[in-house]
Amino acid sequence: MNHSELKKSAKNLLINHYGFFFMTFLVYFVLYFLGAVTDAVGRIRYGSIIDSPWTVWDSSNTIFSLLYSLILVGIEFICIDSLRNKNTYDHGFSKGFTIFSKAKYFWGTVFIAILQFIWVVFWSLLLIIPGIIKGIAYSQAIYIYRDSVDQGDPIKYRDAVTRSRQLMDGNKWKYFWLSLSFIGWFILVGITAGLAIFWVAPYYHLTMTNFYVELKKAA
């Protein structure tokens, strides 16, 4: 898988259907800016976000953060369908809530995330680098699980993580460098006060899900 080709096909899809993807990512955008504004207000008012009432926006343990992450996973499911030419480019806003369309999507995402967290933390206790490597190895688990649900034969959560590890064998470095290739875009988001997120977020997530689509084809 050539990184430039993965990014090019994702970019072309985004350009051709930007209106649809904008609406699909709309809730993501709103939550992104709400979080940024609330963090800024918290820092101005308290001098630090830490130990202030605003930490609800900064903690990965909050209901808000969980909702934010769940919605993003559902959006990535739509990205996968689009890359596979299985998506109709309508009702973009409602498709942004795909994670809630099936109970198996929702609970699969929650429990697989818990398993990933536990195992990554375990490996990180040994050394930071093994934890990062395992996090990358497990990165495709929810997509694998979702495919099994759509095929009518859901696999166990633990099996999804195991299959992700197997699928990523020999591909972890490629995944890492593909992610790293977006660092310039993320810097652009920062220097534009977040405005570039309207392009960067769909572009990034389409590219990273394209990695899974092509990896699955090769497998």
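Residues numbered from 1 in each chain as written. Predicted model: local features only at pLDDT ≥ 70, side-chain atom pairs only at ≥ 80, totals over all residues. Heavy atoms only, no water.

Draft legend 1. Here's a closer look at the overall build of the protein chain. Of regular secondary structure, the protein chain possesses twelve helices and zero strands. The N-to-C order of helical and strand elements in the protein chain reads α-α-α-α-α-α-α-α-α-α-α-α. The buried share of the protein chain, reckoned over its 219 residues, is 43%. If you sum the accessible surface of the protein chain, you get close to 11,800 Å²; carbon and sulfur atoms cover 64% of it. (Helix = DSSP H or I, 4+ residues; strand = E, 2+ residues; numbered from the N terminus. Buried < 20%, exposed > 50% of the residue type's maximum accessible area, 1.4 Å probe, protein only. Areas by Shrake-Rupley, 256 points an atom, 1.4 Å probe, with all protein chains shown as cover.)

Draft legend 2. Spotlight on the pattern of salt bridges. Counting across every chain of the model gives seven salt bridges. Residue Asp90 pairs with Lys95 through a salt bridge whose shortest N-O separation is 3.4 Å. Residue classification places Lys95 among the buried residues on the basis of a relative accessible area of 16%. Lys216 is paired through a salt bridge with Asp147; the nearest N and O atoms lie 3.4 Å apart. Taken together, the residues Lys216 in helix α12 (residues 197–218) and Asp147 in helix α8 (residues 141–150) connect sequence positions 69 residues apart. For Asp147, a relative accessible area of 5% puts it in the buried group. What emerges from the salt-bridge pattern is a single network uniting Asp81, Lys102, Arg146 and Asp150. (Salt bridge = Lys/Arg side-chain N within 4 Å of Asp/Glu carboxyl O.)

Draft legend 3. Layout of the environment of Val149. Along the chain, Val149 falls in helix α8. Residue Val149 is classed as buried on the basis of its relative accessible area of 10%. Through-space distance from the C-alpha of Val149 to that of Lys104 is 7.3 Å; in sequence the pair is 45 residues apart. Not counting the four nearest positions on each side in its chain, Val149 is found in contact with Lys102, Lys104, Tyr105 and Pro154. (Contact = heavy atoms within 4.5 Å.)

Draft legend 4. Geometry of the environment of Thr88. By the element assignment, Thr88 lies in the loop between α4 (63–83) and α5 (92–95). Setting aside its immediate chain neighbours within four residues, Thr88 contacts Phe20 and Lys95.

Draft legend 5. Just the packing of helix α6 (residues 103–126) against α8, in detail. Between α6 and α8, the shortest axis-to-axis distance is 10 Å and the interhelical angle comes to 150°. As the angle between them shows, α6 and α8 are arranged roughly antiparallel. Between α6 and α8 the crossing geometry is right-handed. Across from Lys104, Tyr105, Gly108, Thr109, Ile112 and Gln116 in α6, the residues of α8 making contact are Ala141, Ile142, Tyr145, Arg146, Val149 and Asp150. Of the residues belonging to the contact of α6 with α8, the class tally is six nonpolar, three polar and three charged. (Axes fitted to C-alpha atoms, helices over the stretch in contact; angles between N-to-C directions. Parallel < 35°, antiparallel > 145°, perpendicular 65-115°, else oblique. Left-handed = near helix turned anticlockwise from the far one by under 90°. Nonpolar A, V, L, I, M, F, W, Y, C, P; charged D, E, K, R; others polar.)

Draft legend 6. Inspection of the nonpolar core at higher detail. Core analysis: the largest hydrophobic core is formed by 55 residues, its most contacted members being Phe25, Tyr28 and Leu206. Here the element with the most residues in this core is α12; it accounts for eleven residues. Among residues more than four places away in sequence, those in contact with Tyr28 are Tyr68, Leu72, Ile75, Ile197, Ala201 and His205. (Core = buried A, V, L, I, M, F, W, Y, C linked by side-chain atoms within 4.5 Å.)

Draft legend 7. Looking closely at α8. The buried count for α8 comes to nine of ten residues, which makes it a mostly enclosed element. Residues of α8 that are buried include every one of Ala141, Ile142, Tyr143, Ile144, Tyr145, Arg146, Asp147, Ser148 and Val149, and no others. In the stretch just after α8, Gly152 is the one whose phi turns positive, near 80°.

Draft legend 8. Layout of the packing of helix α1 (residues 3–16) against α12. At a closest axis distance of 8 Å, the pairing of α1 and α12 adopts a crossing angle of 130°. As judged from the angle between their axes, α1 and α12 are oblique. Classified by chirality, the crossing of α12 by α1 is right-handed. Counting all contacts with α1, which are made through Leu6, Lys7, Ser9, Ala10, Lys11, Leu13, Leu14 and Ile15, the residues of α12 involved are Trp199, Pro202, Tyr203, Leu206, Thr207, Asn210, Phe211 and Glu214. Split by residue class, the contact of α1 with α12 holds ten nonpolar, three polar and three charged.

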